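Residues per chain are reported as follows:
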Amino acid sequence: MLKLPGLIDPHVHVREPGQTHKEDWDTATQAALAGGITMILAMPNTKPPIFDASTLDLALDSAKQKARCDYAQYVGAGPNNADKVASLADKAAGLKMYLDSTFGELRLDDMTLWVPHFEKYPKQYPIVVHAESRSMAAAILFAAIYDRPVHIAHVSLKEEILLIKAAKERGIKVTCEVCPHHLFLMEGDVPLSPSPSAFPGIRERGKSGRAEVRPRLATQEDVDALWQNLDVIDCFATDHAPHTLEEKDSENPPPGFPGLETALPLWLTAVKDGRLTVDDIISKMYVNPKKIFNLPEQADTFVEVDENAKYEIKAANQFTRCGWTPFEGWKVKGRVTRVVLRGREAFKDGKVLSEKGFGRNVREY
Ligand code: DOR
Ligand code: ZN
């Protein structure tokens, strides 16, 4: 039996308010606990987006009623809300800026719109950017000019991880996260089976709405560069982005993969394969996110794992409402058997035990 601290996922799309047919605070936090994650930071690209005091309250009210693990909620940067979101900073997980193509309405193309956010958002919390390739380089330049922490979400490319490495070496306050799907999947990897259990584990090269994700899945060279630069990666984040199977298989598939329940088993399997260490998991899913996002300690909180349990990932066994996983049929080694959150048994042997509303907003700890 392996004992881990309660893990932190700084990048989760809960979908509430507005799209609870995909997920809500109840199902997202159940999925988190089943994956050994005791604290989630929720993204603001909901419907409506979270971008001022009243929308923040809307999200936090639902969370207060329904969350079963601890949480904080991001606010989103819009074209004219820099003062408002800065004044909410102590109540928020951080500020999220969408600088590239994504799902939802929050997007800031013109760099003059970035300026007030970089000037005003309090420096003890990071600005988290969805930025890819050259827009990521621009975000790093902003971090340097304003001398403030910037956290780069879901790094997927070789050119990105190498630039982040160079920026860190020069003392620029940049940190980053990588998602499991960008380390375990490549462009052309497509879940084949129309019903999740029909062809477990079989994949084919081709196009499918299920493979849509932003940033896109990348090349072997990119994936290799990420694995070779694990020391540059501060956090493992899931970017849990649930959309239903019906939506993924539709004409207009929205981008995103669920990930809360598959991340830890995939990392533990990589440990068995000698590609990672347990210390890597602890630093990237507990020590570093806690430091970067200025998060409190969750007292008497831990995760127990049966390191030798071998099983197949199956959507049918998941708590997420979206009903699928890009890792269907993958054989993994390492099962979460028990989660204790603030002294209470929150998950045990496949069952979520903490009730709705047990989760606390870590910004009100
Ligand atoms: O694949 C993605 N899904 N990338 C994003 O940036 C947004 C996310 C979502 O909310 O579905
Ligand atoms: Zn995301």
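Quick caveat, the model's predicted, so the values are computed rather than measured.

## So, the packing of aromatic side chains
If you walk through the whole model with that rule in mind, you get 13 aromatic pairs. Geometrically, the ring pair formed by F236 and W267 is stacked, given 3.7 Å between the ring centres and 15° between the ring planes. Residue F236 is located in strand β12 (residues 235-236), and its partner W267 is located in helix α10 (residues 263-272); the two are separated by 31 residues in the primary sequence. Note on F257 and W324: the rings are 5.9 Å apart at their centroids and 85° apart in plane angle, and the pair reads as edge-to-face.

## Description of the coordination of the zinc ion (ligand 2)
For the zinc ion (ligand 2), the full set of protein donor atoms is H11 (NE2), H13 (NE2) and D239 (OD), and the range of their distances to it is 2.0 to 2.2 Å. In the primary structure, the donors to the zinc ion (ligand 2) are separated according to the pattern H-x1-H-x225-D. Of this pair, H13 sits in the loop between β2 (7-12) and α1 (25-34) while D239 is found in the loop between β12 and α9 (245-248), placing the two residues 226 residues apart along the sequence.

## Here we look at the pairing of strand β3 (residues 37-42)
Most of β3 is tucked away, with six of its six residues classed as buried. As paired elements, β2 and β3 share four bridges and run parallel to each other. By the bridge assignment for β3, I8 is matched with M39. Crossover connection from β2 via α1 to parallel β3: handedness right-handed. Each parallel crossover has a hand, and the one from β3 via helix α2 (residues 53-66) to strand β4 (residues 70-73) is right-handed.

## Remarks on the sheet that holds strand β13 (residues 302-312)
Strand order in the open sheet formed by five strands is β1-β13-β14-β15-β16, and the pairing between neighbours is antiparallel. The strands lining the two open edges of the sheet, one partner per strand, are β1 (2-5) and β16 (351-352). Direction of pairing for strand β15 (residues 344-348) relative to β16: antiparallel, over a ladder of two bridges. Bridge assignment links K348 to a residue of β16, and that residue is K351.

## Overview of the pattern of salt bridges
In total, this model carries 21 salt bridges according to the counting rule given. Across the pair E16 and K66 runs a salt bridge whose closest N-O atoms are separated by 3.1 Å. Of this pair, E16 sits in the loop between β2 and α1 while K66 sits in helix α2; the two residues are 50 residues apart in sequence, bridging distant segments of the chain. For the pair E16 and K66, one class covers both residues: buried.

## Looking at the pairing of β4
Every second residue of β4 is oriented toward a common face, with D70 and A72 on one face and Y71 and Q73 on the other, all of them buried. As judged from the four bridges shared by β3 and β4, these two strands associate in the parallel manner. Bridge pairing in β4 links A42 to Q73.

Calculation criteria
- Here the residue numbers are simple positions, counted from 1 along each chain's written sequence.
- Numbering of ligands from 1 and lettering of chains from A proceed in the order in which they are written.
- Since the coordinates come from a predicted model, pLDDT governs what is reported: local features require at least 70, and pairs of side-chain atoms require 80 or more to be given and counted, while whole-chain, interface and lining totals use all residues.
- Side-chain figures throughout are based on the complete set of non-hydrogen atoms in the structure, without hydrogens or water.
- Classification of ring pairs rests on two measures: the distance between centres of Phe, Tyr or Trp rings, Trp counted by its six-membered ring, which must be within 6.5 Å, and the angle between planes, read as stacked under 30 degrees, edge-to-face over 60 and tilted in between.
- What counts as a helix is a DSSP run of H or I of at least four residues, what counts as a strand is a run of E of at least two, and both are numbered from the N terminus.
- Water is not part of the atom set, so a site may look incomplete; the donors themselves are N, O and S atoms within 2.8 Å of the metal, or 3.2 Å for Na, K and Ca.
- Each residue gets one of three labels from its accessible area relative to the maximum for its type: buried under 20%, exposed over 50%, partly exposed in between, using a 1.4 Å probe on protein chains only.
- Strand pairing is defined by DSSP finding a minimum of two bridges between the two strands.
- Crossover handedness is defined here as right-handed if the route from the first strand over the helix to the second strand goes clockwise, with the strands pointing away from the viewer.
- Put simply, a salt bridge is a Lys or Arg side-chain nitrogen that is within 4 Å of an Asp or Glu carboxyl oxygen.

These figures capture arrangement, not role.
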